Amino acid sequence: MDGSKMKPFHQILANNLVANVTNFTVWFAITFWVFLETKSVFATGMIAGFYLVFTAGFGFWFGSIVDHNAKKHAMLASSVASAVFYLLALGILLAEPEGAFRDPYGWYLWGFVLLVMLGVIAGNIRSIALPTLVTILIAEDQRDKANGLVGMVTGIGFLTTSVISGFLVAYAGMLGVMVLALVATGLVFLHLSLVQINEGRVAPNPDVPAEPKRVDIAGTIKVVAAVPGLFALIFFACFNNFLGGIFMALLDAYGLSLVPVEVWGLTFGVLSIAFILSGIIISRTGLGKNPLRTLLMVNAITWAVCSVFTIQSSFWLLAAGCFVWMLLGPYAEAAEHTTLQKVVPLERQGRVFGFAQSVEQSASPLTAFLIGPLTQFVVIPFMTDGAGAEAIGGWFGTGPERGMALVFTIAGLVGLLVTIIAFNSRYYRDLSAAYARGKDDDGEGGGATVASPA
């Protein structure tokens with residue numbers, strides 16, 4: 001094990017933890033705050049939609065930035081961009097005309113939301129750069145465990161984020177959130193600028209023409225298509241995110257209909273311990289010989305739970321379902337990253353991770369944009385005094401909160417069905433075989449093996 005490589009890896013993890021906490025605090029807080037200001041499910045659905053549109057739209061570009069530049073420089077640029085947008089958003093917040101933020105259709109509110117979202121989205125460069133650094137710094141047979149540590153860091157971020165967001169919104173409002181975001185982003189930039197990372201980048205040969213620094217979507221698609229079943233994996237994740245857009249649009253509104261904002265934020269903080277537990281388990285045991293099998297198994301369990309965790313109006317049932325979701329989520333993410341790190345050449349990994357991010361998130365905006373208005377104007381009336389309330393209201397319950405719950409139940413059943421189909425598909429067998437054949441040392445897979453994560 002090369003200890004000189006591991007120290008930078010752990011410092012990068014810690015730095016990403018603080019950056020994730022900062023950006024996710026802003027993301028949670030803007031959703032909580034807008035709902036409390038406007039009382040509009042439509043507005044929270046639109047916020048989720050904006051976030052997902054930006055994530056999908058910028059993924060290709062962010063991936064090319066990561067591939068064509070030092071990973072550290074890309075991450076530093078991410079912090080600078082976030083700080084600029086947060087500063088502009090703070091200016092709009094301080095100049096607010098009286099009552100402007102209470103209008104869910106007002107341009108002033110959505111201008112503020114736009115700037116905040118751009119600051120959060122700039123942090124996605126880090127989420128693309130980090131798995132490529134795992135490829136560079138971690139031995140191939142240890143990457144699944146390293147990805148478990150990455151998942152644990154994400155879990156710690158959620159643990160801190162939800163608690164901070166709930167209490168900040170309750171007691172300091174968005175002003176406190178934006179000031180904290182600017183200070184933390186500055187500290188993250190300063191720390192990362194002092195971390196020494198040997199990425200093994202070779203100085204360009206002046207006699208050899210350099211590859212153009214372009215997004216190169218066609219070339220990236222060619223790389224993905226060369227691996228049997230890899231497109232199917234990306235589109236499976238895309239469909240999962242299509243359904244996941246429902247949860248981004250409605251989960252906070254549903255939780256806030258059951259408990260106050262500070263309780264909801266604290267609940268997410270406590271439940272996020274599940275992220276940490278799963279990260280620790282993965283870092284010790286790995287994902288098994290076939291990460292894809294692990295991915296589909298946890299998907300089946302997760303969607304089965306999602307189909308029942310809102311079946312009754314119970315905060316404790318909701319909390320139990322969210323715990324299972326958080327416990328299994330890092331397994332799915334680590335399995336996808338481990339597969340891509342092995343079967344995709346390192347020099348293309350940034351663009352492939354960015355491509356995957358763009359494609360996987362492309363369906364979620366449609367869901368998020370549709371589900372808010374659909375729930376507000378169709379499903380909620382259906383379960384309040386419509387046919388749904390008459391048919392199943394006696395045991396399922398009636399009212400706005402039960403309308404949101406019905407959407408969750410249907411989404412869970414659809415997700416479970418699609419996962420079962422994927423488990424029995426040829427694409428699953430093809431990609432499993434490609435992963436088993438993949439070897440870093442012969443150029444079929446990722447990068448050099450230099451260190452172990454533990």
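Nothing here was measured: the structure is a model prediction, and the numbers come from that model. (Residues numbered from 1 in each chain as written. Predicted model: local features only at pLDDT ≥ 70, side-chain atom pairs only at ≥ 80, totals over all residues. Heavy atoms only, no water.)

Taken as a whole and assessed by the stated rule, the structure comprises 4 cavities of 30 Å³ or more. The space that makes up the second largest cavity amounts to roughly 60 Å³. As for the second largest cavity, its lining consists of Ala19, Thr22, Asn23, Ser78, Ser79, Ser82, Gly123, Arg126, Ala184, Thr185 and Val188. Elements that contribute at least two residues to the lining of the second largest cavity include exactly α1 (3–38), α3 (71–94) and α7 (173–194). The residue makeup of the lining of the second largest cavity, split by class, is 3 nonpolar, 7 polar and 1 charged. (1 Å grid on protein atoms, 1.4 Å probe; cavity = no way out; pocket = protein on both sides within 12 Å on 5 of 7 lines; lining within 4 Å. Points joined across faces, edges and corners; volume = space filled by probe spheres on them. Helix = DSSP H or I, 4+ residues; strand = E, 2+ residues; numbered from the N terminus. Nonpolar A, V, L, I, M, F, W, Y, C, P; charged D, E, K, R; others polar.)

This paragraph deals with the packing of aromatic side chains. For the structure shown, the criterion picks out 15 aromatic pairs. On the basis of an interplanar angle of 10° and a centroid distance of 5.5 Å, the ring pair of Phe58 and Phe62 is categorised as stacked. One end of the pair is Phe58 and the other is Phe62, both in helix α2 (residues 41–68) and 4 residues apart, which spans about a single turn. Of the residues examined, Phe58 reaches a relative accessible area of 26% and is grouped as partly exposed. Given a relative accessible area of 6%, Phe62 falls into the buried group. (Phe/Tyr/Trp six-rings, centres within 6.5 Å; stacked < 30°, edge-to-face > 60°. Buried < 20%, exposed > 50% of the residue type's maximum accessible area, 1.4 Å probe, protein only.)

So, about helix α12 (residues 291–306). With 16 residues, α12 ought to run about 22 Å at 1.5 Å a step, and its terminal C-alpha atoms sit 22 Å apart, in line with that. Taken residue by residue, α12 has Pro291, Leu292, Thr294, Leu295, Leu296, Val298, Asn299, Ala300, Thr302, Trp303 and Cys306 as its buried positions. Between a side-chain oxygen at the N-terminus of α12 and the backbone nitrogen of Leu292 the separation is 3.1 Å; the capping residue is Asn290. (Expected span 1.5 Å × (residues − 1). Polar contact = N/O pair within 3.5 Å; in protein donor to acceptor, adjacent residues only side chain to side chain.)

Structurally, Trp27 is set in helix α1. Note on Trp27: relative accessible area 10%, which makes it buried. For Trp27 and Met117, which are 90 residues apart along the polypeptide, the C-alpha to C-alpha distance reads 7.4 Å.

Attention now moves to the state of the cysteines. Applying the stated rule across the entire model yields 0 disulfides. A disulfide-free cysteine, Cys322 has its sulfur positioned 8.1 Å from the sulfur of Cys306, the nearest such atom. Overall, the relative accessible area of 1% leaves Cys322 in the buried class. (Disulfide = S-S within 2.5 Å.)

Counting across every chain of the model gives 3 salt bridges. Between Glu140 and Lys342 there is a salt bridge, with the nearest N and O atoms lying 3.6 Å from each other. Here Lys342 lies in helix α13 (residues 315–343) and Glu140 lies in the loop between α5 (124–137) and α6 (143–171), a separation of 202 residues in the sequence. Its relative accessible area of 10% is what places Lys342 among the buried residues. Taking the shortest distance from any N to any O, the salt bridge between Arg402 and Glu401 comes out at 2.8 Å. Here Arg402 and Glu401 have matching classes, each one buried. (Salt bridge = Lys/Arg side-chain N within 4 Å of Asp/Glu carboxyl O.)

When pLDDT is averaged along the protein chain, the result is 81, and 87% of the positions lie at 70 or above. Taking the mean pLDDT of every element in the protein chain, the minimum, 73, falls on helix α8 (residues 217–225) and the maximum, 93, on α3. Residue range residues 202–210 is modelled with pLDDT below 50. Its contacts to residues more than four positions away, or to other chains, number 0 contacts. Scored below 50 in pLDDT, residues 439–454 shows 64 contacts in the model against residues more than four places distant or in partner chains. (pLDDT = per-residue confidence, 0-100. Contact = heavy atoms within 4.5 Å.)

Looking now at the layout of surface pockets. Summary: where empty space remains is shown by rolling a probe the size of a single water molecule over the atoms. Its boundaries defined by the atoms lining it, the second largest pocket holds a volume of some 270 Å³. Lining the second largest pocket are 14 residues; nearest its centre among them are Ala232, Phe236, Ala422, Ser425 and Tyr427. Of all elements in the fold, only α9 (230–258), α12, α16 (400–423) and α17 (426–437) reach the threshold of two or more residues within the lining of the second largest pocket. Across the lining of the second largest pocket, the residue classes break down as 12 nonpolar, 2 polar and no charged.

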